[in-house]
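Coordinate inspection notes
Take a look at the letters that make up each chain.
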Amino acid sequence: MSNNRDNMVEDKLKNTQQPIPESLRPENMEQKLASMSVDEKYKRSMSQDISDEVAPAPVRKRSVILPIVIAAMLVITVGLVSFPAIMRQVEKNKSGVEDNNDPDSDVKLGKGKESYEMAYENFKSYKKSMEEIEYVDYETDVVYEDAVAESTEAAAEAETLAPTSGATYKREESDNDSSSLDFTDTNVRTEGVNEGDVVKTDGKYIYQYDTVTEHLFFYSVDDGKIKKEGSVNVLEDDYSFKEMYIYDKYLVLMGTSAGYATYSGFYMGNTKCKTYIAIYDISDKGEPELVDTIKQSGFYSSSRMVDGKLYTFSGVTFDYNKVKKKKYETYIPDIDDELLDPEDVYVYDDVYYPYYTVISAVDIKKAKVVDKMAVMAGNSTLYVSKNNIYFANHRYSWTDGYKNESGLIKISYDDGELTYDTTGSFPGYLNDDYSIDEYDGYVRLVTTYTDNEYRNANALYILDEDLEKVSVIKNLAQGETVKSARFMGETGYFVTFRNTDPLFAVDLSDPENPKLTDYLKIPGFSAYLHPYGDGKMLGIGYEADEDTGWIQCIKFTMFDTSDPYNIKEEATKVYETYQDASVLNDRNAFMFDSNDGTFGMGIYAYDYDYSWIEEDLYEEDDDIIEEDEEATELDATEQDAEELETEGNYYMVFDYDDEDGFEKLLSYKFDDLYTYSELYNSRGIVIGDYLYVVTTSDGIISFDTEDYEEVDRCD
């Protein structure tokens, strides 16, 4: 196209004796291209080269009548069933877009010059769908708006649920080795890929973002002693939903601009909402200096940091009533007020609402955007490996609801450079980003799908680097859904649940022939799995009634995974008064000290009596086995003394011993008893021989890890 024409002109000029005109010199051409507006670039990209081939002679009308008649007879003979597939191929040839790797899929990807047009068409189609939904059929008294609102409400609820789970702690690499002490860092999904959090440390200082007062606080810590060094008021910066990173001498803060948003149909449509990246120089903890800010379209979704490069993900859609084809700002996202070029926008035509994920790659030391990209593929589960970014989007149809498949997009990254790689698909949907994993060039994923009898079933798929299917194990745990998963090298574990908790183990050493080695059924389910030393895996989840599946309280389980062909429930502890655990909502809230095996999290305690629920259930059916009142009744005298806690929010630390099982080492009760902010934003950090518990109501409290006695506190 235009790029080829530029190269051809340059080569031709180089091979002549005439001097190259100044306007056509490569450096001047590059400068001219860089100075073009987005509109000029788009029009230039849409230009076509004139073919060197001789135009064919006009065809007589009579000569095409017979082929048309024959073609029509063939269509009738074959049947109209094949006609949509033929038309899809015709449209593909017309538009120049590519099918994904699924040969049966009619999903199209627009990139480059097609992206703007397909984005506009998606908004146009969405507007038409919304207008049809609001139609009321008075003859049948059916209000279509109510039916779709119910399904979209569920989709919106799913959109707000961030994927939860966790990985082992690793100290973040930095050019500034500020401490020789070992310390626990943010619990992350992928080792070596850091994640933002409300609390960070470098081993000498603890940095806290207080979501209540909208302040950043800086504390120095030394052998349990705590001193507040400074603070930054970020409320005036109009941020919300903050997370941060510490890299070298920089603190990076991410958030979303506050303010009320308008709605486009059922989804957010405020183009003024921005995700902000603020970079502070914290060399002087008493007076942090704001280096620069970077902003991009949409609400802050998530981020990752690798080797000083920050990858930030935000989500945005636009008001379909205001979209104008030639006004690209009405439907194209921007970064630092500059619209993304067509070659940086990728659009799928199967999204049920036009929602972008905007990606920026920022060099923290240079405070500069290295690369950027936007993908319109619906709301997606995000998974980031050491080399690639994956988006898995459960597809939706306005007529059929959620489809029995998900799309998978692969984007490679290297030192801030983003490259679209490929796309594929798989049946069903992912529970979270722990249900997908990249290992040795292969992508392994555990999915829940609907079988031919419309029952839930589960499967394990292995894909190659092109996202083509290599192997599959299907029809696992029919009628149940995946609740958690963990891939550990050549072995995969996942938990499904309906009434009981089957833990499956899969041998993945041969990607072409994965083998289900064992499964273990116990009541309840583990919603979070964490490696715990050699041959062990910790499960944190909920106890449930084995007959009814009714979820009751928090339980810990230690699995013996030393033999994948014979996994065992080594120990289980049911905490009948514990109703919630922060790790089950946010993996970053989990503290694990690999030096001694202790782990901590926020716990909400409440002495809840489930007997009335079970009595009501059993009264309806005399055939169900009568409940064992002694087993379900919460009698304080029969519980272990360590389980008894008055109602409220706590930070707790536990240990595990092969002989004695689970042991509670610390139970610190917060002053702010009931708020979710206190529970989910509390963090525990081990630095050397001391534990620092960071709270929003009590500041920081330190404990000696020898006996867990309080050492110091600082508001």
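Residues numbered from 1 in each chain as written. Predicted model: local features only at pLDDT ≥ 70, side-chain atom pairs only at ≥ 80, totals over all residues. Heavy atoms only, no water.

**Here we look at the overall build of the protein chain**
Definition in use: Runs of E in the DSSP output that reach at least two residues are strands. Runs of H or I that reach at least four are helices, and both are numbered from the N terminus. Exposed residues in this analysis have more than 50% of their type's maximum accessible area, buried residues have under 20%, and partly exposed residues fall in between, with area computed by a 1.4 Å probe over protein chains only. Throughout, a residue-residue contact means that at least one pair of heavy atoms, one from each residue, lies within 4.5 Å. Here the accessible surface of atoms and residues is derived via Shrake-Rupley with a 1.4 Å probe, and residues count as covered only by protein chains that are part of the display.
Along its length, the protein chain carries ten helices and 46 strands. Evaluated residue by residue, the protein chain yields a buried proportion of 51% over its 715 residues. The contacts in the protein chain between residues at least 6 apart in sequence include a share of 54% that link residues at least 24 apart. If you sum the accessible surface of the protein chain, you get close to 34,900 Å²; carbon and sulfur atoms cover 47% of it.

**Topic: the pattern of salt bridges**
The following threshold applies: Only one rule defines a salt bridge in this text: a Lys or Arg side-chain nitrogen within 4 Å of an Asp or Glu carboxyl oxygen.
Under the counting rule described, the total for this entry stands at 21 salt bridges. Via salt bridges that share partners, Glu 195, Arg 304, Asp 433 and Arg 587 belong to a single interconnected network.

**Re a negative patch on the surface**
We apply this condition: Two joining distances apply to patches: 9 Å for like charges and 5 Å for nonpolar side chains (Val, Leu, Ile, Met, Phe, Trp, Tyr), and every residue must have over 30% relative accessible area and no salt bridge. Charge counting follows a simple rule: Lys and Arg are positive, Asp and Glu are negative, and His as well as the terminal groups are ignored. All charge positions are set by atom: Lys at NZ, Arg at CZ, Asp at CG, Glu at CD.
A surface patch of like charges, here negative, comprises Asp 222, Asp 223, Asp 689, Glu 706, Asp 707 and Glu 709. With respect to the helices, strands and loops of the structure, Asp 707 is situated in the loop between β45 (700-704) and β46 (710-714). Judged by relative accessible area, which is 46%, Asp 707 ranks as partly exposed.

**A look at the packing of aromatic side chains**
Note the threshold: Aromatic rings from Phe, Tyr and Trp, with only the six-membered ring used for Trp, were paired whenever their centres fell within 6.5 Å, and each pair was classed as stacked if the ring planes differed by under 30 degrees, edge-to-face if by over 60, and tilted otherwise. In this scheme, Lys NZ or Arg CZ marks a charge over a ring once it lies within 6 Å of the ring centre and within 35 degrees of the ring normal.
The full count for this structure, using the stated rule, is 34 aromatic pairs. Each ring, one from Tyr 383 and one from Tyr 390, has its centre 5.7 Å from the other, and the planes form 20°; the classification is stacked. Using a relative accessible area of 1% as the deciding quantity, one classes Tyr 390 as buried. Among the aromatic residues, ring-to-ring pairing joins Tyr 528, Tyr 532, Phe 556, Tyr 575, Tyr 578, Phe 590, Phe 592, Phe 599, Phe 654, Tyr 656 and Phe 662 into one connected group. Directly above the aromatic system of Tyr 434 lies the positively charged group of Arg 189, at a separation of 4.7 Å from the ring centroid. Looking at Lys 483, its charged tip hangs above the ring of Phe 525, at a distance of 5.4 Å from the centre.

**A short note on the sheet that holds strand β28 (residues 456-463)**
So the rule is basically this: Strands are treated as partners if at least two bridges between them are detected by DSSP. Each axis is a line fitted through C-alpha atoms, and for a helix only the stretch in contact is used; angles between axes span 0 to 180 degrees, taken between their N-to-C directions.
The strand order β26-β27-β28-β29 describes an open sheet built from four strands, whose pairing is antiparallel. In the strand order of this sheet, the two ends are held by β26 (436-439) and β29 (469-476), each with one partner. The average angle at which neighbouring strand axes cross in this sheet is 20°, direction not considered. Inspection of the sheet shows strand β27 (residues 442-450) paired to β28 by eight bridges, in the antiparallel sense. Looking at β28, one finds that Arg 444 is bridged to Ile 462.

**A look at the sheet that holds strand β8 (residues 225-233)**
Reading across the sheet, the four strands line up as β5-β6-β7-β8 and stay open at both edges, with antiparallel pairing between neighbours. Of all strands in the sheet, those with a lone pairing partner are β5 (199-201) and β8, marking the two edges. Each adjacent strand pair in this sheet contributes to an overall mean axis angle of 20°, direction not counted. The pairing of strand β7 (residues 215-222) with β8 spans eight bridges and is antiparallel.

**Concerning the environment of Lys 274**
Condition: Distance and chemistry together define a polar contact, namely a pair of N or O atoms within 3.5 Å, with one atom able to donate a hydrogen and the other to accept it when in protein, and with adjacent residues in sequence counting only for side-chain atoms on both sides.
Tracing the sequence through the fold places Lys 274 in strand β13 (residues 274-281). Residues Lys 274 and Phe 299, spaced 25 residues apart in sequence, show a C-alpha to C-alpha distance of 6.1 Å. In this structure the side chain of Lys 274 is engaged in a polar contact, spanning 2.6 Å, whose partner is the side chain of Asp 334.

**Examining the environment of Asp 510**
Mapped onto the elements of the fold, Asp 510 is located in the loop between β32 (500-507) and β33 (515-523). When the C-alpha positions of Asp 510 and Glu 490 are compared, they lie 8.4 Å apart, and in sequence the two are 20 residues distant.

**Here we look at the nonpolar core**
As a rule of thumb, nonpolar side chains are buried together in soluble globular proteins. Note the threshold: Think of a nonpolar core as a cluster: buried Ala, Val, Leu, Ile, Met, Phe, Trp, Tyr and Cys residues, connected wherever their side-chain atoms sit within 4.5 Å.
Ranked by size, the top nonpolar core spans 49 residues in total, and within it Tyr 356 and Ile 389 carry the most contacts. Among the elements that make up this core, the one with the highest residue count is helix α6 (residues 113-133) (seven residues). Discounting chain neighbours no more than four positions away, the residues touching Ile 389 are Phe 313, Leu 382, Tyr 383, Val 384, Ile 409, Lys 410, Ile 411, Tyr 413 and Leu 418. Judged by nonpolar contacts, the second largest core, of 39 residues, contains Ile 522, Ile 567, Ile 603 and Tyr 656.

**Re the pairing of strand β15 (residues 299-306)**
Buried residues dominate β15, accounting for six of its eight residues. The pairing of β15 with strand β16 (residues 309-316) spans seven bridges and is antiparallel. Note that in β16 the partner of Arg 304 across the bridge is Tyr 311.

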